[in-house]
Number of protein chains: 2
Amino acid sequence: MGGRATLNSVAAAANVSRQTVSNVLNSPELVSQDTRERVQAAIDQLGYRPHTAARQLRTARSQIIGLRLKPARGGVLDQFLHSLTAAAERHDHRIMLFAANDDEEETHAYADLIASVGVDAFVLTGTHHGDLRTRWLLDRGLPFVTFGRPWGAEDEHPWVDVDGATGTRMATDHLVHHGHRRIAFVGWPGGSEIGDDRRAGWAAGLAAAGIDARPQVSVFDGVAGGRAAAAELLDGPAPTAFVCASDSLAFGVVAELRERGLRPGADTSVIGFDDTPTAEVLGLSSVAQPITEVAAECVRHLRAVLSQEPKPTAVLLTPRLMLRST
Amino acid sequence: MGGRATLNSVAAAANVSRQTVSNVLNSPELVSQDTRERVQAAIDQLGYRPHTAARQLRTARSQIIGLRLKPARGGVLDQFLHSLTAAAERHDHRIMLFAANDDEEETHAYADLIASVGVDAFVLTGTHHGDLRTRWLLDRGLPFVTFGRPWGAEDEHPWVDVDGATGTRMATDHLVHHGHRRIAFVGWPGGSEIGDDRRAGWAAGLAAAGIDARPQVSVFDGVAGGRAAAAELLDGPAPTAFVCASDSLAFGVVAELRERGLRPGADTSVIGFDDTPTAEVLGLSSVAQPITEVAAECVRHLRAVLSQEPKPTAVLLTPRLMLRST
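What you are looking at is a predicted structure, and each value in this text was computed from that prediction instead of being measured. (Residues numbered from 1 in each chain as written. Chains lettered and ligands numbered in written order. Predicted model: local features only at pLDDT ≥ 70, side-chain atom pairs only at ≥ 80, totals over all residues. Heavy atoms only, no water.)

A.B. asks: An account of the interface of chain B and chain A is needed here, citing residue identities and associated values.
C.D. replies: The interface is formed by 56 residues belonging to chain B together with 57 residues belonging to chain A. Broken down residue by residue, the surface that chain B buries against chain A is led by Ile 65, Arg 68 and Arg 94 of chain B, which jointly contribute 17%. Across the contact surface, chain B and chain A share eight salt bridges. Note that Arg 68 of chain B and Asp 103 of chain A form a salt bridge whose closest N and O atoms lie 3.6 Å from each other. Scanning the region where chain B abuts chain A turns up 39 residue pairs in polar contact (both at pLDDT 80 or more). Elements that contribute at least two residues to the side of chain B that touches chain A include exactly helix 2 (18-26), strand 1 (64-68), helix 5 (76-89), strand 2 (94-98), helix 6 (103-116), strand 3 (121-125), helix 12 (277-282) and helix 13 (291-306) of chain B. The leading source of residues in the side of chain B that touches chain A is helix 5 of chain B, at six residues. Residue composition of the side of chain B that touches chain A, grouped by class: 27 nonpolar, 14 polar and 15 charged. Examined bridge by bridge, strand 2 (residues 94-98) of chain A and strand 1 of chain B share five bridges and lie parallel to one another. Residue Ile 95 of chain A lies in a different strand from strand 1 of chain B, and its bridge partner there is Ile 65 of chain B. (Contact = heavy atoms within 4.5 Å. Buried area = accessible area lost by both parts, 1.4 Å probe. Salt bridge = Lys/Arg side-chain N within 4 Å of Asp/Glu carboxyl O. Polar contact = N/O pair within 3.5 Å; in protein donor to acceptor, adjacent residues only side chain to side chain. Helix = DSSP H or I, 4+ residues; strand = E, 2+ residues; numbered from the N terminus. Nonpolar A, V, L, I, M, F, W, Y, C, P; charged D, E, K, R; others polar. Pairing = 2+ DSSP bridges.)

Structure representation (structure tokens):
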């Protein structure tokens, strides 16, 4: 390429992403005027000549690479990806992947995929309060479905989610049923929608059992966090059971129990969340999300939106408690 | 749909996959004459009228759904998928996923993706002896690259792989260097190319150290398999170290050591393979594949093939030994 201007050099000069440059060229209406002018200035200055369309015509290339996705017992999102691919294919749809570093970049990628590939619809994961992606898609009337509720947003759109509160409620009820009265919660700091939801299910389970004392510790995620939380709780009037917002936190709790000579499952019960492969290997009880069903519902919703059938209602699925040795 | 014939009902009547029916309609040259006739008979009998093309023209739909793939520390293939998506995008390529239950179905999917979406090229994983997918693609001159060597095949095609034998050799050398002389291998039954390769590295490490005794046990994969293998080995003249063909096997070895009151890492060393997230949580030493580099090399090879640059050479990358507490 020598010193010839490229999409990359234009992006660097204008201090924007490659996708934004592509949008300025293909879908300028999606880019703010400021950005458009900055990119256009870089294009002029560097003498960039977009040639992708011409090259594609010449070579009749789609630039699309096919990859078979095999079933893998990975984390929640890996399982979701495989189930979604299979569910989409049953209805003649295909899944195209893209990367983005944040939500804003994700919206730029939407515009690029619509312009370059003609993508019909999107599936979004990780919805959160003030999610600018759903707003962006709604503003443009583009079809999409989210795996995740519109947390606190007024926007109405099709969504599929798993009832995390019911999951921790099931875990807490199970522990109460087995005679536990000091049931601690190890979760994330407040403000995480998913974390607050999981905490609420535990609190409701205690309330229903008439249990007042509520030991709980909030930490950032990870095994070290879970271990620190367990240490803090065990230094006080020790809980006999732990409900955790994630399997990682639960692994930390288990490690701290072992360190203190307590046997998880015998002396103290521990229940995690998400039923990761590691939970299975370690015999950790955990709350499992019905991922295959989530994926099937996402495709069903998308098909309804694409066919302009009556607006599909949102779906909240119930998780399952996987009881193992802890 | 009532009693109207569909792609599914034709496939069921002809006892073939939906993709095969689609191929008969879109790329009949890819289907054997027998199958073609059987499918055509079912189409005639059921009165099936393909209408996808007409529908697509009417609605201008691509049937493609976009999904952002977030970085996830999952297994090897999950990491590969994310790295591949990012590497492809840097060169204006996109990754489209598809599902298939076996290699033959995967070749039907190739034909379908070429005909329906115009996919340019394929990335294959899990190459094996007598792989009919690479033969199928070579016969048709279609561009592809494999993550995995052409094990024993005469076919020449671009590939990227990780040198598993060097990984287990590094693990064995490390153990020898720390004074171990009875180093067992827990692997899969012979005939698995990847398993035999990993076993060969361990054997070479022992030979280089002048160690004769070679306790080894072959079992099917999984934690239970690893545990049974460790039990068998520990009942004899107990090894002081274990090199394992997978992390799952290594977890089983660790469980059996604990059961016998032996402390992994102190009394007995254990090294797994693949550096799974579970290995990190459990502090298991493991051999890690350089997945980001594999993905980048796959894209580089594909671009060379697509540009008809001189045939790219195959690339064998070196893994890394991740030393943890075991």
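A.B. asks: Got a sec to walk through the relation of the copies chain B and chain A? Specific residues and values, please.
C.D. replies: Expressed as a screw operation, the relation of chain B to chain A combines 0.0 Å of axial shift with a rotation of 180°, fitting to an RMSD of 0.1 Å. On this basis, the relationship between the two copies can be described by a two-fold rotation axis. In terms of C-alpha distance to the rotation axis, chain B has Met 96 of chain B as its closest residue, with the C-alpha 2.2 Å off the axis. (Least-squares fit on C-alpha atoms with pLDDT ≥ 70 in both.)

A.B. asks: Quick one: what's the story with the pattern of salt bridges, residue by residue and with numbers?
C.D. replies: Evaluation of the coordinates by the stated rule reveals 40 salt bridges over all chains. Where Glu 106 of chain A meets Arg 133 of chain A, a salt bridge forms, and the shortest distance between an N and an O atom there is 3.1 Å. Here Glu 106 of chain A is found in helix 6 (residues 103-116), whereas its partner Arg 133 of chain A is found in helix 7 (residues 132-139), with 27 residues between them in sequence. One salt-bridge network, held together by shared partners, links Arg 68 of chain A together with Asp 103, Glu 106, Asp 131 and Arg 133 of chain B.

A.B. asks: Outline the sheet that holds strand 1 (residues 64-68) of chain A, supporting the account with residue identities and numerical values.
C.D. replies: Reading across the sheet, the 12 strands line up as 11(A)-5(A)-4(A)-3(A)-1(B)-2(A)-2(B)-1(A)-3(B)-4(B)-5(B)-11(B) and stay open at both edges, with mixed pairing between neighbours. Looking along the sheet, the strands with just one partner apiece sit at the ends: strand 11 (315-317) of chain A together with strand 11 (315-317) of chain B. Taking each pair of neighbouring strands and ignoring which way they run, the sheet shows an average axis angle of 20°. Bridge count for strand 3 of chain B against strand 4 (residues 144-147) of chain B is four bridges, and the pairing is parallel. Opposite Phe 122 of chain B, over in strand 4 of chain B, you have Phe 144 of chain B as the bridge partner. (Axes fitted to C-alpha atoms, helices over the stretch in contact; angles between N-to-C directions.)

A.B. asks: Could you give me a rundown of the pairing of strand 1 of chain A, with the residues and numbers involved?
C.D. replies: Of all five residues in strand 1 of chain A, five are buried; the element is thus mostly enclosed. Going residue by residue along strand 1 of chain A, you find Ile 64, Gly 66 and Arg 68 of chain A tucked away on one face and Ile 65 and Leu 67 of chain A tucked away on the opposite face as well. Summarising the sheet, strand 1 of chain A and strand 3 of chain B pair through three bridges and their orientation is parallel. By the bridge assignment for strand 3 of chain B, Ile 65 of chain A is matched with Ala 121 of chain B. (Buried < 20%, exposed > 50% of the residue type's maximum accessible area, 1.4 Å probe, protein only.)

A.B. asks: Give a detailed account of empty space enclosed by the protein, specifying residues and quantitative values.
C.D. replies: Under the counting rule described, the total for this entry stands at three cavities of 30 Å³ or more. By volume, the largest cavity amounts to about 310 Å³. Lining the largest cavity are 22 residues, and of these Asp 78 and Leu 81 of chain A together with Leu 69, Asp 78 and Leu 81 of chain B sit closest to its centre. Secondary-structure elements contributing two or more residues to the lining of the largest cavity are strand 1 and helix 5 (76-89) of chain A together with strand 1 and helix 5 of chain B. (1 Å grid on protein atoms, 1.4 Å probe; cavity = no way out; pocket = protein on both sides within 12 Å on 5 of 7 lines; lining within 4 Å. Points joined across faces, edges and corners; volume = space filled by probe spheres on them.)

A.B. asks: Give a description of the domain arrangement of chain A that names residues and reports values.
C.D. replies: Partitioning chain A into domains gives domain 1 (7-50), domain 2 (62-162 + 291-320) and domain 3 (164-288). The C-alpha-based centres of domain 1 of chain A and domain 3 of chain A are spaced at 50 Å. (Domains from an automatic or database assignment.)

A.B. asks: Pulling in residues and values, what's your account of helix 6 of chain A?
C.D. replies: Residues and elements named next belong to chain A. Helix length check: helix 6 (14 residues) gives 20 Å between terminal C-alpha atoms against 20 Å at 1.5 Å per residue, within 8%. The residue sitting at the N-terminus of helix 6 and contributing the capping side-chain oxygen is Asp 102; that oxygen lies 3.2 Å from the backbone nitrogen of Glu 104. Phi for Gly 118, located one or two positions after helix 6, is positive at around 75°. (Expected span 1.5 Å × (residues − 1).)

A.B. asks: Can you tell me about the environment of Asn 8 of chain A, naming the residues and giving the values?
C.D. replies: With respect to the secondary-structure elements, Asn 8 of chain A resides in helix 1 (residues 7-14). In this structure, the C-alpha to C-alpha distance between Asn 8 of chain A and Arg 94 of chain A, residues 86 residues apart in sequence, is 29 Å.

A.B. asks: An account of the nonpolar core is requested, with residue identities and associated values reported.
C.D. replies: In terms of nonpolar packing, the biggest core is built from 52 residues, with Phe 80, Leu 84 and Leu 97 of chain A together with Phe 80, Leu 84 and Leu 97 of chain B touching the most fellow members. Sequence-distant contacts of Leu 84 of chain A, defined by excluding residues within four places in its chain, comprise Ile 95, Val 123, Ala 295, Cys 298 and Val 299 of chain A together with Leu 67 of chain B. (Core = buried A, V, L, I, M, F, W, Y, C linked by side-chain atoms within 4.5 Å.)

A.B. asks: How would you sum up the packing of aromatic side chains? Please name residues and give values.
C.D. replies: For the coordinates displayed, the defined rule picks out 12 aromatic pairs over all chains. Ring centres of Phe 80 of chain A and Phe 147 of chain A lie 4.8 Å apart, and the angle between their planes is 50°; this geometry places the pair in the tilted category. Taken together, the residues Phe 80 of chain A in helix 5 and Phe 147 of chain A in strand 4 (residues 144-147) connect sequence positions 67 residues apart. We classify Phe 80 of chain A as buried; its relative accessible area is 1%. When the ring of Phe 98 of chain B is compared with that of Tyr 110 of chain B, the centres are 6.1 Å apart and the planes differ by 80°; the resulting orientation is edge-to-face. Taken as a pair, Phe 98 of chain B in strand 2 and Tyr 110 of chain B in helix 6 lie far apart in primary sequence, 12 residues in all. (Phe/Tyr/Trp six-rings, centres within 6.5 Å; stacked < 30°, edge-to-face > 60°.)

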